[in-house]
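Coordinate inspection notes
Take a look at the letters that make up each chain.
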Amino acid sequence: MTDYGAMNGHIETICMACDDARCDFKAMELQRRPMGPEDVVIQMKYCGVCHSDLHFAAGHMTGILGPAVYPFVPGHELSGVCTAVGEKVTKFKIGMQVGVGCMVDSCLSCAACKRGEEQMCSKQVPTYNGENKNGRAETFPVGGRTLGGYTSMMVVHERFAVLIPDSYPLQFAGPVMCAGVTMYDPLVRQGAKEGSRVGIVGLGGLGQFGIRVAKAMGCVVTVVSRSQSKEDFARRCGADHFIASGDATSMASGKNSLDIILNTVPTYHDYLVYNSLLKKTGRQVLLGLHKGLMAAFGVNALTGNNSRVIGSGIGGIAATQAVIDLCDRHKIYPEVEVVPCSELNTVYEKLDSANESGVRYVLDIEGTLKKGVVCTAPAPKLSQPDSPTLCGVM
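Residues numbered from 1 in each chain as written. Predicted model: local features only at pLDDT ≥ 70, side-chain atom pairs only at ≥ 80, totals over all residues. Heavy atoms only, no water.

In this structure, Ser-196 sits in the loop between α4 (170–189) and β10 (197–201). Those residues in contact with Ser-196 that lie beyond four places of it in its chain are Gly-191, Cys-219, Val-220 and Asp-259. (Helix = DSSP H or I, 4+ residues; strand = E, 2+ residues; numbered from the N terminus. Contact = heavy atoms within 4.5 Å.)

To continue, consider the state of the cysteines. Following the criterion strictly, the structure yields zero disulfides and no others. With no disulfide of its own, Cys-82 lies 18 Å from the sulfur of Cys-47, the closest cysteine sulfur. Looking at Cys-82, the relative accessible area reads 0%, which means it is buried. (Disulfide = S-S within 2.5 Å. Buried < 20%, exposed > 50% of the residue type's maximum accessible area, 1.4 Å probe, protein only.)

Strand order in this open sheet of six strands is β12-β11-β10-β13-β14-β15, and the pairing throughout is parallel. Whereas interior strands pair on both sides, the edge strands pair on one side only; in this sheet they are β12 (241–244) and β15 (309–311). On average, each strand axis in the sheet is tilted by 25° relative to the strand beside it, whichever way the strands run. Examined bridge by bridge, β10 and strand β11 (residues 220–225) share five bridges and lie parallel to one another. Within β11, the position partnered with Ile-200 by the bridge is Val-223. In the packing of α4 onto the sheet, the strands contacted are β10, β13 (258–263) and β14 (278–286), and the crossing angle to β13 comes to about 155°. (Pairing = 2+ DSSP bridges. Axes fitted to C-alpha atoms, helices over the stretch in contact; angles between N-to-C directions.)

The subject of this paragraph is helix α9 (residues 317–329). Look at α9: 18 Å from first C-alpha to last across 13 residues, which is about the 18 Å you get at 1.5 Å a residue. Those residues of α9 not exposed but buried are Ile-317, Ala-319, Thr-320, Gln-321, Val-323, Ile-324, Leu-326, Cys-327 and Asp-328. Looking at the packing, one finds that the buried side of α9 touches β6 (103–105), β9 (162–163), α4 and α5 (205–216). Lys-331 lies just past α9 and shows a positive phi near 55°. (Expected span 1.5 Å × (residues − 1).)

Structure, rendered in structure tokens:
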């Protein structure tokens, strides 16, 4: 391995980047900041491709979180191997498996950060397109925007790195730090435990992950979908029970039976119909980014955290570490398709058209990210979204 610790200057890296909102990706030679005393240098192996990557790179988030700065390098599902550590690093050693999720810095001094909920910090810095607000997410050249995980090398402060157990395959780790923690965090917050009755609305990628995580926590899981057509698939994913929301008899059979509902449907819908399935003290958690989610956050704040319908986003670093450890212990592996970097344009078009299978696409960084790589397909044909994804905003 290269001794990056002996280097005093910046670190060269190859990135899959796009020059504009057309999202026509190609390999670019860019730079990472020099390794600091509390930094970890990661030689990248894989990076998952999240729907949020598409929305940011295509400029869909401009009216919400500001414009994308190009060249743009997405990716917040990073996994690789530590190749160097700063002199003050205590959590990581060379050779360890390391991951990075949706953020690379926060203020570390506010109430949210002290609770281990860095995702709630007003000075949180996202893994890509973020500004160095607190001094631990500097770029090279100085003053740029953070570069994401479609990259051969990563530098991150150890506080925002996640230790991936040696026994957990790296190609599965990235999605755990995005979809996995999105499902895990609200379960923990709502007190899920052995015997808790959890409902999962929607059976896409998030829903499938939610079933496995809830089962690993000892919960009894009911999947709620529009028709009986997905019942066999839900049970193969581990569901104990199934309710068809379009069938009045089926809905009546589950009345007042659930402690928690995780609603993963990404577009606005009549989510209040599911409240009939909740016990008196139960709560429904919205995870899809639509106007109902924004309303849920507002109403819950106004009612002093007593609303029956609440919203949730990604989790903090502690929750991310906890869910990767849980997945390792219980051998929970997301359904992934590992693809070469040259297929990135094709992946974006697939994500934009619909990804009902729930498969998570993962870039083979180590094997296929080389100088001069271009995508085999032209720039993807992308539509304007109704609902940007949750992790992109939270």
